[in-house]
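Commentary on secondary and tertiary structure
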Amino acid sequence: MTNLPMELRNQLDKAGLSIGCLTVVEREAAPDGTVKYLFGLDDGSTVESVYLPDDDRHTVCFSTQVGCPMGCLFCATGQNGLTRNLTTGEIIDQILRISKFQGVTLTNLVAMGQGEPLLNYDALIKAIRIINDPKGLSMGARRITISTCGIIPGVLKLTEEQLQVNLAISLHAADDDLRNRLMPVNKKYPIVPLLKACQEYIERTGRRVTFEYTLIDGINDRPQDAANLIRLLRGMLCHVNLIPFNPVPGSPFRRSTPSQIHWFAAELNRAHIETTIRKERGTTLTAACGQLQGKFRGE
Ligand code: SAH
Ligand code: SF4
């Protein structure tokens with residue numbers, strides 16, 4: 001923004017609001033219209049974002065951190081730790097760049113790229129408020145989804161914002177032993193207090209919470225896992241989104257079979273827990289979060 005006075009540019013920089021700071025390092029399109037972007041940042045690091053068209057929906061999945069400190073066992077992003085938080089400007093710029101490149105008005109945004117959104121809370125909320133603002137992107141909070149591995153203080157803080165965003169919780173296991181192993185965050189924020197925080201979010205905002213559950217063969221797709229999940233979620237205003245596991249290079253985990261995935265969904269639906277299976281998008285792009293970056297580095 002060289003046309004702005006230097007003093008104003010410095011002030012915007014300090015507030016983490018400099019826009020136009022990302023460069024497109026790589027862009028890869030799949031036959032279904034999904035496009036993955038690898039963006040370069042000022043300091044030489046990179047993040048990825050994904051454009052997902054679906055009939056008249058135009059969604060961008062954006063990142064909130066370079067890397068992620070949470071170390072979930074099944075996640076490519078989690079393997080190399082955190083480099084840094086993104087600024088508000090870097091969050092918004094992913095969205096603006098993709099909208100411009102694709103030549104579309106975006107209808108939905110999901111914070112499901114790299115990083116743990118609730119660990120970059122202030123920059124994220126500031127970005128959402130700008131996105132909401134009629135003078136900003138003028139997009140309603142109900143069209144924005146924040147996905148978290150379950151940072152309880154962040155969920156409680158979000159409840160206070162009264163923002164009407166969609167909250168998605170990456171649950172992936174229905175008992176603490178298994179969740180401790182898959183997601184180290186569970187040792188600090190175990191399942192029962194996490195669900196209590198979700199219940200509070202539901203009561204205070206009137207919004208349904210989504211639980212994401214990535215199905216890994218023989219690990220969390222067994223009959224006892226379905227039974228435990230039903231026991232935990234029965235009666236809650238929620239929706240379960242089953243995600244077929246995306247293989248991560250070097251990981252011993254395998255994706256559950258299609259019949260196991262359908263069986264798991266049917267069990268939950270039979271218990272009146274509304275469950276869907278995530279539609280696979282852009283699979284030729286190695287769709288798991290963090291994998292474009294891995295590929296770009298030649299790993
Ligand atoms: N850090 C946030 C948001 C980014 S990850 C979170 O964990 O919620 C977006 C979703 O993809 C999360 O539900 C995450 O658990 C899931 N995910 C990560 N690695 C995956 C993989 N290899 N296969 C399928 N889903 C994966
Ligand atoms: Fe981080 Fe989410 Fe990956 Fe876990 S699943 S390591 S919280 S990006």
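Coordinates for the structure precede this section.
As a starting point, this report considers the structure included with it. No experiment lies behind these values; they were computed from the predicted model shown.

Conventions we followed
- Residues numbered from 1 in each chain as written.
- Chains lettered and ligands numbered in written order.
- Predicted model: local features only at pLDDT ≥ 70, side-chain atom pairs only at ≥ 80, totals over all residues.
- Heavy atoms only, no water.
- Helix = DSSP H or I, 4+ residues; strand = E, 2+ residues; numbered from the N terminus.
- Buried < 20%, exposed > 50% of the residue type's maximum accessible area, 1.4 Å probe, protein only.
- Contact = heavy atoms within 4.5 Å.
- Areas by Shrake-Rupley, 256 points an atom, 1.4 Å probe, with all protein chains shown as cover.
- Phe/Tyr/Trp six-rings, centres within 6.5 Å; stacked < 30°, edge-to-face > 60°.
- Core = buried A, V, L, I, M, F, W, Y, C linked by side-chain atoms within 4.5 Å.
- Salt bridge = Lys/Arg side-chain N within 4 Å of Asp/Glu carboxyl O.

Regarding its fold elements, the chain presents 10 helices and 12 strands. The buried share of the chain, reckoned over its 299 residues, is 54%. Considering only intrachain contacts with a sequence separation of at least 6, the fraction spanning at least 24 residues in the chain is 67%. Working note: accessible area of the chain is about 13,600 Å², and carbon and sulfur atoms make up 53% of it.

Attention now moves to the packing of aromatic side chains. The full count for this structure, using the stated rule, is 5 aromatic pairs. Aromatic side chains Trp-263 and Phe-264 sit 6.3 Å apart centroid to centroid with 70° between the ring planes, which places their arrangement in the edge-to-face category. A relative accessible area of 30% places Trp-263 in the partly exposed class.

Here we come to the nonpolar core. If you look at the biggest cluster of nonpolar residues, it comprises 85 residues, and the most contacted ones within it are Phe-74, Leu-109, Val-165, Phe-211 and Leu-233. Those residues in contact with Phe-211 that lie beyond four places of it in its chain are Ile-169, Leu-171, Leu-195, Cys-198, Leu-233, Met-236, Cys-238, His-239, Val-240 and Asn-241.

Take the pattern of salt bridges next. Should their charged atoms come close, side chains of opposite charge can pair. Considering all chains together, one arrives at 10 salt bridges under this definition. For Arg-129, the salt bridge goes to Glu-161, with nearest N and O atoms at 2.7 Å. Separated by 32 residues along the polypeptide, Arg-129 in helix H3 (residues 121-132) and Glu-161 in helix H4 (residues 152-161) bring together distant segments of the chain. With a relative accessible area of 40%, Arg-129 lands in the partly exposed category. For Glu-267, the salt bridge identified is with Arg-270, shortest N-O distance 2.7 Å. With Glu-267 and Arg-270 both in helix H9 (residues 258-270) and 3 residues apart, this pair spans about one turn of that helix. Overlapping salt bridges, with partners in common, bring together Asp-43, Arg-84 and Glu-90 in one network.

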